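# Report on the structure
Given next are the chains, with one letter for each unit.
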Amino acid sequence: MLLPEQVKEMIAQVLPCEHLEVEGDGHHFFAQIVSSAFEGKARLARHRGLAAQRASNELHALSISVAATPAEWAAKQSA
């Protein structure tokens with residue numbers, strides 16, 4: 001069973017993040033990811049970066065509630 005911190009480390013290994021929060025119960029996880037790597041990418045492309053972990057069944061229940069650029073995140077925080 002994975003811990004939220006382990007999932008956070010897995011995400012950070014494949015994607016440079018300015019902000020990263022992960023919550024979960026060991027089976028289902030929810031992530032808020034802010035990365036400049038998302039600049040110019042469509043929503044679906046932003047989610048594909050974690051496909052390797054999900055495909056390996058090591059991480060199969062990840063819901064990405066936020067996949068934003070730093071500018072998008074800042075705008076959301078000030079709203």
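The structure reproduced in this document is the subject of the present report. Keep in mind it's a predicted model, so treat the numbers as computed, not measured.

Conventions and cut-offs
- Residues numbered from 1 in each chain as written.
- Predicted model: local features only at pLDDT ≥ 70, side-chain atom pairs only at ≥ 80, totals over all residues.
- Heavy atoms only, no water.
- Helix = DSSP H or I, 4+ residues; strand = E, 2+ residues; numbered from the N terminus.
- Buried < 20%, exposed > 50% of the residue type's maximum accessible area, 1.4 Å probe, protein only.
- Areas by Shrake-Rupley, 256 points an atom, 1.4 Å probe, with all protein chains shown as cover.
- Pairing = 2+ DSSP bridges.
- Axes fitted to C-alpha atoms, helices over the stretch in contact; angles between N-to-C directions.
- Contact = heavy atoms within 4.5 Å.
- Core = buried A, V, L, I, M, F, W, Y, C linked by side-chain atoms within 4.5 Å.
- Salt bridge = Lys/Arg side-chain N within 4 Å of Asp/Glu carboxyl O.

### Quick notes on the overall build of the chain
A tally of regular secondary structure across the chain gives four helices and three strands. For the chain, buried positions account for 34% of its 79 residues. As displayed, the chain offers around 4900 Å² of accessible surface, 53% of which is attributable to carbon and sulfur atoms.

### Some details on the sheet that holds strand E3 (residues 62-68)
Judged by pairing direction, the sheet is mixed, and its three strands sit side by side in the order E1-E2-E3 without closing on themselves. The open sheet has two edge strands with one neighbour each: strand E1 (19-24) and E3. Going across the sheet, the axis of each strand differs from the next one's by a mean of 10 degrees, ignoring polarity. Inspection of the sheet shows strand E2 (residues 29-34) paired to E3 by six bridges, in the parallel sense. Across the sheet, residue Ala31 finds its bridge partner in E3, namely Ile64. Across the face of the sheet, helix H1 (residues 4-14) comes into contact with E1, E2 and E3 while running at roughly 145 degrees to E1. With respect to the sheet, helix H4 (residues 70-78) is in contact with E1, E2 and E3, its orientation differing from that of E3 by roughly 90 degrees.

### Quick word on the environment of Val14
Topologically, Val14 is positioned in helix H1. Among the residues examined, Val14 registers a relative accessible area of 38% and is labelled partly exposed.

### Let's talk about the nonpolar core
Core analysis: the biggest nonpolar cluster contains 16 residues, and Val7, Ile11, Val22, Phe29, Ile33, Leu59 and Leu62 have the highest contact counts within it. Those elements that provide at least two residues to this core are H1, E1, E2 and E3.

### Details of the pattern of salt bridges
According to the stated counting rule, one finds one salt bridge in the structure shown. The partner of Arg46 in a salt bridge is Glu72, and the shortest N-O contact between them spans 2.7 Å. With a gap of 26 residues between them, Arg46 in helix H2 (residues 43-48) and Glu72 in helix H4 connect regions that are remote in the sequence. The exposure class assigned to Arg46 is buried, which follows from its relative accessible area of 12%. Looking at Glu72, the relative accessible area reads 37%, which means it is partly exposed.

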